[in-house]
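Examining the three-dimensional arrangement
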Amino acid sequence: MSWELDRRPVSSADEDLRAALQAAKLPIDDLDEDGRSFFRFTDRNATVGYGGLEHYGSCALLRSLVVLPQQRRHGYGEAITRQLLTQAARGGANTVYLLTDSATSFFERFGFAKVDRATAPAAILQTRQAASLCPASAALLAKIVQG
């Protein structure tokens, strides 16, 4: 996808963000904790999805990426992912991590690769996502990014 979606910061308390995450069965229990940035992505003023990042020095955790059901299969997930990776790199991250139990093949298309949790930075492993919110069976993926 070659176009840029409009990306606007959104509060972790935003009802539409929370509803979209809940509908996609993504965790919302830690949205209000410090260090999280969430974004609403729109195309021609229509919301197409949401995504978020947690920065931990030279690494970041990509999280809460969801495309609204009626907007799926139009390439928006790809556009959102690319923008979040760019945002993470601009924020000083050189590696982006994520946890997923259902979208491994999607993220592998962007160069993410499975990593052993034992090799991940403590900052990532200590996030609520890694420590308790995502099931132990969730794959931990990583991608090196450049700013």
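Predicted, not measured: the structure shown is a model, and the values here were computed from it.

**What about the pairing of strand 4 (residues 59-67)?**
- Most of strand 4 is tucked away: 9 of the 9 residues are buried.
- Sheet topology places strand 3 (residues 46-56) next to strand 4; 7 bridges connect them, and they run antiparallel. If you follow Gly52 over to strand 4, its bridge partner there is Arg63.
- Connecting the antiparallel pair strand 3 and strand 4 is a turn made up of 2 residues, with Gly57 showing a positive phi of about 65 degrees.
- Of the pairings in the sheet, the one linking strand 4 to strand 5 (residues 95-100) comprises 3 bridges and is parallel in character. Paired with Leu61 across the bridge in strand 5 is Tyr97.
- Handedness of the crossover joining strand 4 and strand 5 through helix 2 (residues 76-90) is recorded here as right-handed.

**Focus on the nonpolar core**
- Leu62, Leu84, Val96 and Phe112 are the most contacted members of the largest nonpolar core, which has 25 residues in total.
- Sorting the residues of this core by element identifies strand 2 (36-43), strand 3, strand 4, helix 2, strand 5 and strand 7 (139-144) as the ones contributing at least two each.
- Counting residues per element, this core draws most heavily on helix 2, at 7 residues.
- Residues contacting Leu84, with those up to four places away along its chain left out, are Phe39, Phe41, Gly51, Gly52, Leu53, Leu62 and Leu65.
- One finds Ala20, Ile28, Leu31 and Val66 within the second-largest nonpolar core, a separate group that totals 10 residues.

Definitions and cut-offs
- Residues numbered from 1 in each chain as written.
- Predicted model: local features only at pLDDT ≥ 70, side-chain atom pairs only at ≥ 80, totals over all residues.
- Heavy atoms only, no water.
- Buried < 20%, exposed > 50% of the residue type's maximum accessible area, 1.4 Å probe, protein only.
- Helix = DSSP H or I, 4+ residues; strand = E, 2+ residues; numbered from the N terminus.
- Pairing = 2+ DSSP bridges.
- Right-handed = clockwise from strand over helix to strand, strands pointing away.
- Core = buried A, V, L, I, M, F, W, Y, C linked by side-chain atoms within 4.5 Å.
- Contact = heavy atoms within 4.5 Å.

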